[in-house]
Number of protein chains: 2
Amino acid sequence: MMRHFDKKSILEADSSYRRDLINCLSGYKSLNLIGTKSQAGISNLAPFSQVFHIGATPPLVGILFRPHTVERHTLQNILDTGFFTLNHVSEAFYKQAHQTAARFEGSEFEGTGLEEEYLDAFFAPFVKLSKVKLACQLVEQQTLAINGTVLVIGSIEHIWLDETGLRADGSLDLNALGTVTVSGLDEYHVGKKLARLSYPKVGKPVQEI
Amino acid sequence: MMRHFDKKSILEADSSYRRDLINCLSGYKSLNLIGTKSQAGISNLAPFSQVFHIGATPPLVGILFRPHTVERHTLQNILDTGFFTLNHVSEAFYKQAHQTAARFEGSEFEGTGLEEEYLDAFFAPFVKLSKVKLACQLVEQQTLAINGTVLVIGSIEHIWLDETGLRADGSLDLNALGTVTVSGLDEYHVGKKLARLSYPKVGKPVQEI
């Protein structure tokens, strides 16, 4: 049976019901820990499910920041210093990754026990356990008129990744890396591959590659 | 072993290697078929992995459109008519969903055999087989200066979803719905739940809920 919600019934629903429902609608989301450091030298770590591909040449990533959330330190540090890291979360530490969203007074690395590391003299901290780590530099920001959401664009300056997840064609085997995906606000999953598919062409059946 | 790419080695890599690598870096991505109809009445369907949550009150979604890609019909139809649908892809039809990216002359519904349907007199077409369907209306668009990427914001006007995937708290069970996630350009997965976790609080251990 299909259930129907019109806009009126969405807006009249209990706020936590609406928040859970709407947050699930886009489907599975990427999960990254963003590492930053304040001008005062305090490291920060926070989970984000709104990181996405912007371009490959030059390599760019985008992040959406909600206004008025616990994630403000991350945004402030990026705007103040210009640097951040992205770190894939794997099954081994997804519970600590979740806990970085708590309102710690000091560094979330200390608060959760996730070890921080610094690579190649890059300003912002990485998560030592992470199997895919990106060093990024701020290049652009825009604020959305409709609700104050901030879009940050960063250039990818360095990539470190576990070789076991790197295929000969450059693609990553996220199943092998144990990368975690999130749905809604609090539900974590690993991926189970169905197939890679051939380049789509009219008149040519889709094939597994 | 960790493999290191600096920006120079990323930019000097073969372009298809770089495209595959950079597209995988954000992690698992949501997968939705976007349904639109042109002013001339031709329906269109295309796969997108760049759909994300913008806000719950009012309910808003965002889509990133790359410049100069096969997805231009979708963007043009949204800008011309103001309406689009989002349709979750499930394991039963992910190969047809992939094939909608081929350059069909007419409607991708006809070209791939995916049946279109119209609900509640909404202008844009839905995918009949999909278990989560959203009717959306254009509210804002912005172009990113850095590479011409277009960000479209839509309001969610209607939701139809299979009741088997709707929990009492409003969250969706994406595993039960069979929702598919994509990594890179061509690799499809289903999710396998690890756990839902309790609200993160300092001094309180994370618990499965």
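Here, the structure is the one placed above.
Residues numbered from 1 in each chain as written. Chains lettered and ligands numbered in written order. Predicted model: local features only at pLDDT ≥ 70, side-chain atom pairs only at ≥ 80, totals over all residues. Heavy atoms only, no water.

1. Details of the overall build of chain A
Counting secondary structure elements, chain A contains six helices and 13 strands. Here the C-alpha atoms of chain A give a radius of gyration of 19 Å, agreeing with the 17 Å that 2.2 N^0.38 yields for 209 residues. Seen through its C-alpha atoms, chain A measures out along the principal axes to roughly 55 × 50 × 35 Å. Taken over 209 residues, chain A has a buried fraction of 61%. Long-range pairs, those at least 24 residues apart, make up 56% of the contacts in chain A between residues at least 6 apart in sequence. Of the roughly 8300 Å² of accessible surface on chain A, a fraction of 50% belongs to carbon and sulfur atoms. Side chains of chain A carry 20 positive and 23 negative charges; the gap between the two charge centres is 8 Å. (Helix = DSSP H or I, 4+ residues; strand = E, 2+ residues; numbered from the N terminus. Rg over C-alpha atoms; globule rule 2.2 N^0.38 Å. Buried < 20%, exposed > 50% of the residue type's maximum accessible area, 1.4 Å probe, protein only. Contact = heavy atoms within 4.5 Å. Areas by Shrake-Rupley, 256 points an atom, 1.4 Å probe, with all protein chains shown as cover. Lys, Arg positive; Asp, Glu negative; His and termini not counted. Charge placed at Lys NZ, Arg CZ, Asp CG, Glu CD.)

2. Here's the deal with helix α3 (residues 72-81) of chain A
All names here are of chain A. Residues Thr74, Leu75, Asn77, Ile78 and Thr81 constitute the buried set of α3. Buried residues of α3, viewed axially, fall in a sector of 165°; they line one side. Where α3 is buried, its residues contact β3 (32-37), β4 (43-48), β6 (59-65), β7 (83-88), β10 (132-143) and β11 (150-162). Where α3 ends, the next residue or the one after it, Gly82, has phi of about 85°, a positive value. (Arc of directions from axis to C-beta.)

3. A word on the interface of chain A and chain B
Facing 107 residues of chain A, the contacting portion of chain B comprises 107 residues. Looking at the side of chain A facing chain B, the largest losses of area belong to Tyr28, His53 and Leu194 of chain A, adding up to 9% of the total buried there. At the boundary of chain A with chain B, the tally comes to eight salt bridges. Between Lys7 of chain A and Glu157 of chain B there is a salt bridge, with its nearest N and O atoms 3.1 Å apart. If you look at where chain A meets chain B, you find 58 residue pairs in polar contact (both at pLDDT 80 or more). Tallied by class, residues from the side of chain A that touches chain B come to 49 nonpolar, 31 polar and 27 charged. Across nine bridges, strand β13 (residues 187-196) of chain A lies against strand β13 (residues 187-196) of chain B in antiparallel orientation. Bridge pairing in β13 of chain B links Val190 of chain A to Lys192 of chain B. (Buried area = accessible area lost by both parts, 1.4 Å probe. Salt bridge = Lys/Arg side-chain N within 4 Å of Asp/Glu carboxyl O. Polar contact = N/O pair within 3.5 Å; in protein donor to acceptor, adjacent residues only side chain to side chain. Nonpolar A, V, L, I, M, F, W, Y, C, P; charged D, E, K, R; others polar. Pairing = 2+ DSSP bridges.)

4. Quick look at the side chain of Asn77 of chain B
Along the polypeptide, Asn77 of chain B turns up in helix α3 (residues 72-81). The residues contacting Asn77 of chain B, other than those within four sequence positions of it, are Thr36, Lys37, Ser38, Asn44 and Gly82 of chain B.

5. A short note on unusual backbone geometry
Residue Pro58 of chain A is reached from Thr57 of chain A by a cis peptide bond, and omega for that bond is 0°. Tracing the backbone shows Pro58 of chain A in the loop between β5 (51-56) and β6. Here the phi dihedral of Asp120 of chain A falls at roughly 55°; this positive angle occurs in a residue that is not glycine. Topologically, Asp120 of chain A is positioned in the loop between β8 (116-117) and β9 (126-127). Since its relative accessible area comes to 53%, Asp120 of chain A is described here as exposed. Residue Ala121 of chain B is not a glycine yet carries a positive backbone phi of 60°. Mapped onto the elements, Ala121 of chain B comes out in the loop between β8 (116-117) and β9 (126-127).

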